[in-house]
Amino acid sequence: MKLISWNCRGILGAPTVRSLLDIQRRHRPDAFFLSETHLDDEKAEALRVKLQMDEMLVAPCLDGRKGGLLLVWKKEVRIYSRTTTLDFIDVSVENANGDMWRLTGIYGEPNWNCKHRTYQLIRDLHAQSRLPWLVIGDFNEILYSDEKEGGAPRNQSCLQAFQDALTDCSLEDLGFNGDKFTWFRGGLRERLDRAVSNEDWMKILKAPRARLKKAQRELERLMNVPFTTEVSVKQKEMSVLIENLLEQDEIYWSQHGRSDVGEVDANLLASVKSLVTNVMNTLLVAPYTKEEVRKALFQIGDMKAPGPDGLHAIFFKRFWHILGDELTKEVLDAIEKKKIPDGWNSTNIVLIPKVENLEVITQYRPISLCNVVYKIISKMIANRLKIILPDVISPTQSAFVPGRLITDNVLVAYECFHAIKKKTHGTNGFCAVKLDMMKSYDRVEWGS
């Protein structure tokens, strides 16, 4: 089944109708879901005929100027359990092999103050059925900050509310092909339209891996036949299909990885070798002492950049004879109760330039400036971990462990490339993979 969803923002104009008919001719879909049609029942029926579809469900607009949903499909598509409202069309679909799944076409609340209604609607729909589920349409909200260009940045809490709604319903974004932005106005671009599904819906399509292998074999066959214009077109089509299947395969396994793995075999866990001995564990869980608090403080640089409270470490060191007992008591109390007092873990975020001529925000490295009392707790924990790290960290990990140098990796890399370059014989080859660690070090986690 081939399904196309489109927010056409009104089908009353001839250009929009022509565009829709062109899409129909090029892609030959089995069904259309259209939002913001601005159509009543009579005009929707006329459009169904033009699109050469056999059945339809209509949520007509109220005043002819906004709203309106339309689902049209061919008679070969078997659709049941139809529910239609101004905000969504919800149906059950039966595949040729008898598998049932659920399709919901949705139009999200456009007003910022009312978007919670859309998220609650998604949760309510999720509670009504456990069928494999596909949700498509215009959600009128971006999911991540990079899905918007131009204008003021969207508040992170708004994005989090959308993400939470999808997570609560076990829905995962299915990605896109081509231009990711679906809405434009002047210099503002956003991705508001998308398709999301649960893992069960991906399963009834079968894991994309099987279809991917078939497509790759077909592309290989096309590469070995005499070249013609028709073959060139088919090669391009197959290449696009393979890219889409690769993306679907990634999404499938991403969803599969979130599924409940059930009970873990105790024998499996028992076979995992423990590197932390009882002696090490006793050292780690022993109560912290006053001397550890003082040692941690005096290990902090005197004039290290202060946190939101504006106090440098030298302030606490110089007046230790006055503040020492009270500071020690508060720090040990926080560790013992496993609760950081309000404000201790507040930070100032500072952007450090990584290059001289700055052009984009990713050329800054964000760092968090913490309060001294928070640094003391972190350093106390780190001081204990340093003792056992050499025994539990792999010897190939050359950074962040006392006595090891990250520059050792440079020498290892040179030796690896030298070996690869000298490898000129045999059936087994080597390859080098460069991993970009930028996202690990240059991101700020805004979650609480």
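Described in the following lines is the structure provided in the data block. Since the model is a prediction, treat every value here as computed from it, not as a measurement.

### Some remarks on the pattern of salt bridges
With the rule as written, the count across this model stands at 17 salt bridges. We note a salt bridge from aspartate 168 to arginine 123, for which the minimum N-O separation is 2.9 Å. Here aspartate 168, found in helix 4 (residues 156–168), pairs with arginine 123, found in helix 3 (residues 115–128); they are 45 residues apart in sequence, far enough to count as distant. The salt bridge involving glutamate 292 is made with arginine 384; its shortest N-O contact spans 2.9 Å. Taken together, the residues span a long stretch of sequence, with glutamate 292 in helix 10 (residues 290–299) and arginine 384 in helix 13 (residues 372–392) at a distance of 92 residues. When salt bridges with common partners are traced through the structure, they connect Glu141, Lys148, Arg154 and Glu190 into a single cluster.

### With respect to the packing of aromatic side chains
Tallying each qualifying case throughout the model produces six aromatic pairs. Between tryptophan 101 and tryptophan 201, the ring centres sit 5.9 Å apart and the planes meet at 70 degrees, which makes this aromatic pair edge-to-face. Here tryptophan 101, found in strand 7 (residues 100–107), pairs with tryptophan 201, found in helix 5 (residues 199–204); they are 100 residues apart in sequence, far enough to count as distant. Judged by its relative accessible area of 5%, tryptophan 101 falls in the buried class. The class for tryptophan 201 is buried, based on a relative accessible area of 10%. The interplanar angle of 80 degrees and the centroid separation of 6.1 Å between the aromatic rings of phenylalanine 298 and tryptophan 320 together place this pair among those described as edge-to-face. Linking phenylalanine 298 in helix 10 with tryptophan 320 in helix 12 (residues 320–337), this pair joins segments that are 22 residues apart in sequence. In this structure phenylalanine 298 comes out as partly exposed when scored by relative accessible area, which is 34%. Taken together, the ring pairs in this structure connect Tyr119, Phe139 and Phe162 into an aromatic cluster. One Lys or Arg, arginine 102, reaches over the ring of tryptophan 133 and ends 4.7 Å from the middle of that ring. A cation over a ring is seen here: arginine 384 above tyrosine 288, with NZ or CZ 3.8 Å from the ring centre.

### Points about the state of the cysteines
What the rule picks out here adds up to zero disulfides. Between cysteine 158, a cysteine without a disulfide, and cysteine 114, which holds the nearest cysteine sulfur, the sulfur-to-sulfur distance is 12 Å.

### Considerations on the packing of helix 10 against helix 13
Helix 13 packs onto helix 10 with a crossing angle of 110 degrees between their chain directions and a minimal axis gap of 8 Å. One finds that helix 10 runs roughly perpendicular with respect to helix 13. Packed against helix 10, whose contacting residues are Glu292, Val293, Ala296, Leu297 and Gln299, the element helix 13 presents Val372, Ile376, Lys379, Met380, Asn383 and Arg384 at the interface. Considering only residue class, the contact of helix 10 with helix 13 consists of six nonpolar, two polar and three charged.

### Examining the sheet that holds strand 11 (residues 183–185)
Taken in spatial order, the three strands of this open sheet run 9-12-11, and their pairing is antiparallel. Strand pairing shows two members of the sheet lacking a second neighbour, strand 9 (148–149) and strand 11, which therefore form its edges. Sheet topology note: the strand 9/strand 12 (residues 188–190) ladder contains two bridges and is antiparallel. Bridge pairing in strand 12 places glutamate 149 opposite arginine 189.

### Here we look at unusual backbone geometry
Phi is positive for histidine 38, which is not a glycine, with a value near 60 degrees. Positive phi outside glycine occurs at lysine 338, with the angle close to 55 degrees. Within the element layout of this structure, lysine 338 appears in the loop between helix 12 and strand 14 (347–353). A residue is classified by how much of its surface remains accessible, and lysine 338, at 77% relative accessible area, is exposed.

### Observations concerning the side chain of threonine 16
Within the secondary structure, threonine 16 sits in helix 1 (residues 14–27). Ignoring any residue separated from it by four or fewer positions in sequence, one finds threonine 16 in contact with Trp6, Cys8, Gly10 and Ile11.

### Examining the nonpolar core
Of all hydrophobic cores here, the largest spans 22 residues; its most connected members are Leu71, Val91 and Leu134. Where this core is concerned, the elements lending two or more residues are strand 2 (31–35), strand 3 (55–59), strand 4 (69–73), strand 6 (88–94), strand 7, strand 8 (133–138) and helix 5. Apart from residues no more than four positions distant in its own chain, leucine 71 is found in contact with Phe32, Phe33, Glu55, Met56, Leu57, Ile79, Ile89 and Val91.

### Brief notes about the pairing of strand 4
Taking burial as the measure, the five residues of strand 4 include five buried ones, the bulk of the element. Strand direction decides the pairing type here: strand 3 and strand 4, joined by five bridges, are antiparallel. In the sheet register, valine 58 faces strand 4, and the bridge partner there is leucine 70.

### Structural notes on helix 10
Within the span of helix 10, buried status applies to Glu292, Val293, Ala296 and Leu297. Viewed along the axis of helix 10, the buried residues span an arc of 135 degrees, placing them on a single side of the element. Among the exposed residues of helix 10, those pointing more than 90 degrees away from its buried face are Lys290 and Glu291. Check the buried side of helix 10 and you find it contacts helix 11 (313–318), helix 12 and helix 13.

### Overview of the side chain of lysine 317
Along the chain, lysine 317 turns up in helix 11. Its relative accessible area of 15% is what places lysine 317 among the buried residues.

### Observations concerning the sheet that holds strand 5 (residues 78–84)
Taken in spatial order, the six strands of this open sheet run 5-6-7-8-13-10, and their pairing is mixed. Pairing within the sheet leaves two strands with one partner each, and these edge strands are strand 5 and strand 10 (172–173). Contacts between helix 3 and the sheet are confined to strand 6, strand 7 and strand 8, with strand 7 contributing the most and set at about 165 degrees to the helix.

The rules behind each value
Residues numbered from 1 in each chain as written. Predicted model: local features only at pLDDT ≥ 70, side-chain atom pairs only at ≥ 80, totals over all residues. Heavy atoms only, no water. Salt bridge = Lys/Arg side-chain N within 4 Å of Asp/Glu carboxyl O. Helix = DSSP H or I, 4+ residues; strand = E, 2+ residues; numbered from the N terminus. Phe/Tyr/Trp six-rings, centres within 6.5 Å; stacked < 30°, edge-to-face > 60°. Buried < 20%, exposed > 50% of the residue type's maximum accessible area, 1.4 Å probe, protein only. Lys NZ or Arg CZ within 6 Å of the ring centre and 35° of its normal. Disulfide = S-S within 2.5 Å. Axes fitted to C-alpha atoms, helices over the stretch in contact; angles between N-to-C directions. Parallel < 35°, antiparallel > 145°, perpendicular 65-115°, else oblique. Contact = heavy atoms within 4.5 Å. Nonpolar A, V, L, I, M, F, W, Y, C, P; charged D, E, K, R; others polar. Pairing = 2+ DSSP bridges. Core = buried A, V, L, I, M, F, W, Y, C linked by side-chain atoms within 4.5 Å. Arc of directions from axis to C-beta.

Honestly, that's just the spatial picture; any functional story needs more than this.
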